[in-house]
Amino acid sequence: MSSLALRKAEPAAGTTPGTAQGPPLRRRIALVPTLTLLLGAVYCLLPVAWVVIASTKSGKELFSTFTFLPGSGFSDNLAQLNAYRDGVYWEWMGNSALYAVLGALLSTAVSAFSGYALAVYRFRGRETLFNVLLAGVLMPPVILAVPQYLLLAKADLTDSYLSVLLPQILAPYGVYLARIYAAAAVPADVVEAGRMDGASEWRIFTRIALPMMVPGLVTVFLFQFVAIWNNFLLPYIMLSDDEKFPITLGLFTLLEQGANTPALYTLVITGAFLAVLPLIALFLVVQRFWSLDLLSGAVKS
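Residues numbered from 1 in each chain as written. Predicted model: local features only at pLDDT ≥ 70, side-chain atom pairs only at ≥ 80, totals over all residues. Heavy atoms only, no water.

Chemist: Whenever I open this one, the overall build of the protein confuses me. Can you help?
Modeler: Scanning the protein from N- to C-terminus turns up 14 helices and zero strands. Residue burial in the protein is summarised as follows: out of 301 residues, 32% are buried. The contacts of the protein with a sequence gap of at least 6 include a subset with a gap of at least 24, amounting to 72%. Just so you have it, the protein exposes about 18,600 Å², and 69% of that area is on carbon and sulfur atoms. (Helix = DSSP H or I, 4+ residues; strand = E, 2+ residues; numbered from the N terminus. Buried < 20%, exposed > 50% of the residue type's maximum accessible area, 1.4 Å probe, protein only. Contact = heavy atoms within 4.5 Å. Areas by Shrake-Rupley, 256 points an atom, 1.4 Å probe, with all protein chains shown as cover.)

Written out as structure tokens, the structure is:
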């Protein structure tokens, strides 16, 4: 009996005495968030991978080859896309760039002014106004699209570039982010010091507060750019001239025509792939700029 008990007490070969066998429970639990993120990444990136691969296929290869097998027709698809209606695709891309860049810049400026005012100044009705803006964040855009169309129709601005730009200038979520970031990044003591030195409110905002708010405003610009670039409902309601269409609405018209002309499907897929590239490039550039601003702010502080 004593020899049997000693054999049971001896640790297994290749293990350290006193350690638990198998992976710890905590390590297993820690793998759950990682696996969840991986599944989410696959779910989000799988359609992008399909678009990238499908854009390389010709019309015959698109419906006859394996889904994730690259094709040999990307150059032909690109040539056909360039030639379609004398390059109207690039007009749509230019329109999207105009709407997104100008709309995001104006929206960021309005968000910066509004967020700074709501964060720094104390006035009657400030919280009520801010709560109304928060209600705008919760309101779906589809509810506002028809009233916006009726208002712009009264002003005779429908089917114009302004009909797409003007509704995008005021972004409640951008104002919310700007206020939260201004309250955290602009110390009240710095504002008071500027006032004691005789600086005007405009000078305090442009020379002191605005540089501190740049990382947050870059985030607002990025969100607004992506939202306007991907916007479909508002241009669909406002515009009737296809030469003013953004890329989303232009590709939708191509897709509708593809029901009768299947050859246009390859143009739609290739156009969708090209339309994603500016967003990826912008994100990479802005992310680097954003990181540099955060690091420089940390060094200065």
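Once you've had a look at it, read on.
Chemist: I tried to follow the nonpolar core on my own but got confused; where do I start?
Modeler: In summary, soluble globular proteins display a tendency toward joint burial of nonpolar side chains. Ranked by size, the top nonpolar core spans 39 residues in total, and within it Tyr89, Trp92, Phe225, Trp229, Ile247 and Leu254 carry the most contacts. Mapped by element, the contributors of at least two residues to this core are α2 (25-54), α5 (88-120), α8 (161-169), α11 (201-229), α12 (233-238), α13 (247-258) and α14 (264-300). By residue number, the principal contributor to this core is α14, which donates 10 residues. Excluding anything up to four places from it in sequence, Phe225 contacts Ala100, Val101, Ala104, Leu279 and Leu282. Among the nonpolar cores identified, the runner-up in size contains 13 residues, and Ala112, Val120, Ile204 and Met213 belong to it. (Core = buried A, V, L, I, M, F, W, Y, C linked by side-chain atoms within 4.5 Å.)

Chemist: Sorry, what's going on with the pattern of salt bridges here?
Modeler: Where charged atoms from two side chains of opposite charge approach closely, those side chains can pair. Within this structure, the stated rule accounts for five salt bridges. Among the ionic pairs, Glu127 bridges to Arg126, the shortest N-O distance being 3.2 Å. The class of Glu127 is partly exposed, set by a relative accessible area of 37%. For Arg179, the salt bridge identified is with Glu127, shortest N-O distance 3.2 Å. One end of the pair, Arg179, is in helix α9 (residues 172-185); the other, Glu127, is in helix α6 (residues 126-138), with 52 residues separating them in the sequence. Residues participating in the shared-partner salt-bridge network are Arg126, Glu127 and Arg179. (Salt bridge = Lys/Arg side-chain N within 4 Å of Asp/Glu carboxyl O.)

Chemist: Looking at this structure, I do not really get the packing of α5 against α9. What am I missing?
Modeler: Remark: α5 packs on α9, axes separated minimally by 7 Å, with the N-to-C direction vectors making an angle of 50°. The orientation of α5 relative to α9 falls into the category oblique. Judged by the sense of rotation from one axis to the other, the crossing of α5 with α9 is right-handed. Residues Ser111, Ala112, Ser114, Gly115, Tyr116, Leu118 and Ala119 of α5 touch α9, and the partners they reach there are Gly174, Val175, Ala178, Arg179, Ala182 and Ala183. (Axes fitted to C-alpha atoms, helices over the stretch in contact; angles between N-to-C directions. Parallel < 35°, antiparallel > 145°, perpendicular 65-115°, else oblique. Left-handed = near helix turned anticlockwise from the far one by under 90°.)

Chemist: For this particular structure, what's the right way to read the layout of surface pockets?
Modeler: To locate leftover empty space, one rolls a probe as large as a water molecule over the atoms. What the largest pocket holds in volume is close to 830 Å³. Lining the largest pocket are 26 residues, with Pro141, Leu144, Pro167, Leu170 and Pro172 sitting closest to its centre. Element by element, the count of residues in the lining of the largest pocket is highest for helix α7 (residues 141-154), at seven residues. Residues belonging to the lining of the largest pocket are distributed by class as follows: 20 nonpolar, six polar and no charged. (1 Å grid on protein atoms, 1.4 Å probe; cavity = no way out; pocket = protein on both sides within 12 Å on 5 of 7 lines; lining within 4 Å. Points joined across faces, edges and corners; volume = space filled by probe spheres on them. Nonpolar A, V, L, I, M, F, W, Y, C, P; charged D, E, K, R; others polar.)

Chemist: Any chance you could explain a nonpolar patch on the surface here in plain terms?
Modeler: Taken together, the side chains of Val42, Leu46, Trp50, Phe66, Phe68 and Leu69 present a nonpolar region at the surface, about 580 Å² in accessible area. With respect to the helices and strands, the residue Leu46 is situated in helix α2. (Patch = residues over 30% accessible without salt bridge, like charges linked within 9 Å, V, L, I, M, F, W, Y side chains within 5 Å.)

Chemist: Quick question: what am I supposed to make of the environment of Ala188 here?
Modeler: Within the fold, Ala188 resides in helix α10 (residues 188-196). Along the chain, Ala188 and Ala119 lie 69 residues apart, while their C-alpha atoms are 9.7 Å from each other.

Chemist: Honestly, the side chain of Glu61 in this entry has me stumped. Any pointers?
Modeler: Relative to the assigned elements, Glu61 resides in helix α3 (residues 59-64). Here Glu61 is buried and forms no salt bridge, its nearest opposite-charge partner Lys57 lying at an N-O distance of 7.3 Å. Apart from the residues lying within four places of it in its own chain, the contact partners of Glu61 are Thr56, Gly71, Ser72 and Gly73. (Lys, Arg positive; Asp, Glu negative; His and termini not counted.)

Chemist: How should I be thinking about α8 in this particular structure?
Modeler: Each full turn of the α-helix corresponds to 3.6 residues, which orients residues three or four apart in the same direction. Every buried residue of α8 is accounted for by Ser163, Val164, Leu165, Pro167 and Gln168. Among the structural elements, α5, α7, α11 and α12 are those in contact with the buried residues of α8.

Chemist: Can you help me understand the packing of aromatic side chains in this one?
Modeler: The description of an aromatic ring pair rests on the distance of the ring centres and on the angle between the ring planes. A complete count under the given rule lists 18 aromatic pairs for this structure. With a centroid separation of 6.0 Å and an interplanar angle of 40°, the aromatic rings of Trp202 and Phe205 are classed as tilted. Taken together, the residues span about one helical turn, with Trp202 and Phe205 both in helix α11 at a distance of three residues. Here Phe205 falls in the buried class, since its relative accessible area comes to 6%. Every member of this aromatic cluster is reached through a ring pair, and the members are Phe113, Tyr116, Tyr121, Trp202 and Phe205. Sitting over the face of the ring of Phe130, Arg179 holds its NZ or CZ atom 4.2 Å from the ring centroid. (Phe/Tyr/Trp six-rings, centres within 6.5 Å; stacked < 30°, edge-to-face > 60°. Lys NZ or Arg CZ within 6 Å of the ring centre and 35° of its normal.)

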